[in-house]
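Here are the chains, one letter per residue:
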Amino acid sequence: MAQPKEMKQDEDNDNNGNVLDTSQTYCTNAIIKKVGRAIAIDLNQCMLPGEARNKHMTILFRKSPQWSQDEIELVSKETDNWIKQKCGSAQAPVTFTIDNWGRKSVKILGDLNELCLHLRSKFNSMSGDDQRIPHVELFSNGGRGGGKGRGKNRNKDKHNGNKRGKRNSDKFSGKNCGGNSEKFKEKLGKMISKMQSLKSTKSEEILLLDEQEKQLQALFANSDNLDIKTLRNE
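As the structure is a computational prediction, the values presented were derived from the model and not from experiment.

**A short note on the pattern of salt bridges**
When charged atoms on two side chains of opposite charge get close, those side chains can pair. The final tally for this structure, using the stated rule, is 4 salt bridges. Measuring nitrogen to oxygen at the nearest pair gives 2.9 Å for the salt bridge that ties Glu71 to Arg62. Between Lys104 and Glu137 there is a salt bridge whose closest N-O contact spans 4.0 Å. On the criterion of sequence distance, the pair formed by Lys104 in the loop between β7 (94-100) and β8 (105-109) and Glu137 in strand β9 (residues 135-137) is long-range, its members being 33 residues apart. Note on accessibility: Lys104 and Glu137 belong to one class, buried. Ionic contacts of the salt-bridge type, sharing partners, join the residues Lys86, Asp111 and Glu114 into one network.

In structure tokens, the structure reads:
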């Protein structure tokens, strides 16, 4: 009798029998958008498994009133601020991993989870509704292979309100960061080189200013012994 195939380490079955690689690291540009009654982060470009459309992570859900553009912009700006403090640049991607949770969804872990909880704490007064743990829906009602019903209909990408245009998807494709994204590494390398060049230029300017300061200090200390003509020449 054939033995069942062993599951690889760090892989789990979801409730539909699909194998999830919980060791895989993904990354996102953290684009803020409105999805129905929620302010969410777009995860469509993250190369996540599953056939569900309009993949996203809900930050804040609110039954009513509808989210205004000003509210979306506030969340977007705070997202930029958090990423800049966390990564040193508001343009940096936010990484995350996934783990089994629910029949159609997986919970989100890592930096993206931390960002979501921060935004919920910051804007807690905007919604009186209960918030579920940070998660993303990957599968339709029928699991892998599709299915009809409410889950499929509500995944239609009929919502607008995407913000944070300054962090366009061409900056980072949002593809997973598991080691097969050479383009991603190349762009990070260019950013590091540019920063090093800037630091080098600033260092030279500081050295020049230090030298000029020493000369002025020397003149100041000896100014009583010099006449006006000598000071002007100096």
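**What about the confidence of the model for the chain?**
Confidence in the prediction for the chain averages 76 pLDDT; 69% of positions are at 70 or higher. Across residues 144-161 the pLDDT falls below 50, and counting only partners more than four positions away or on other chains, this stretch makes 37 contacts in the model. Of the regions scoring below 50 in pLDDT, residues 168-175 engages in 22 contacts with residues more than four places distant in sequence or in other chains.

**Remarks on the pairing of strand β6 (residues 56-61)**
Each regular strand shows side chains that alternate between the opposite faces of the sheet. Most of β6 sits out of view: 5 of its 6 residues are buried. Here strand β5 (residues 38-42) pairs with β6 via 5 bridges, running antiparallel. Paired with Ile41 across the bridge in β6 is Met57.

**Let's talk about the pairing of β8**
Relative to β8, β7 runs antiparallel, the two being bridged by 4 bridges. From the neighbouring strand, Ile98 faces β8, where its bridge partner is Ile108. Connecting β7 to the next strand, β8, in antiparallel fashion are 4 residues, including Gly102 with a positive phi near 75°. Taken together, the 3 bridges between β8 and β9 define a ladder with antiparallel strand orientation. Paired with Ser105 across the strands is Glu137, a residue of β9.

**Comments concerning the packing of aromatic side chains**
Taken as a whole, this structure holds 1 aromatic pair when the rule is applied. The positively charged end of Arg62 is found above the aromatic ring belonging to Trp67, 3.7 Å away from the centroid.

Rules and cut-offs
Residues numbered from 1 in each chain as written. Predicted model: local features only at pLDDT ≥ 70, side-chain atom pairs only at ≥ 80, totals over all residues. Heavy atoms only, no water. Salt bridge = Lys/Arg side-chain N within 4 Å of Asp/Glu carboxyl O. Helix = DSSP H or I, 4+ residues; strand = E, 2+ residues; numbered from the N terminus. Buried < 20%, exposed > 50% of the residue type's maximum accessible area, 1.4 Å probe, protein only. pLDDT = per-residue confidence, 0-100. Contact = heavy atoms within 4.5 Å. Pairing = 2+ DSSP bridges. Phe/Tyr/Trp six-rings, centres within 6.5 Å; stacked < 30°, edge-to-face > 60°. Lys NZ or Arg CZ within 6 Å of the ring centre and 35° of its normal.

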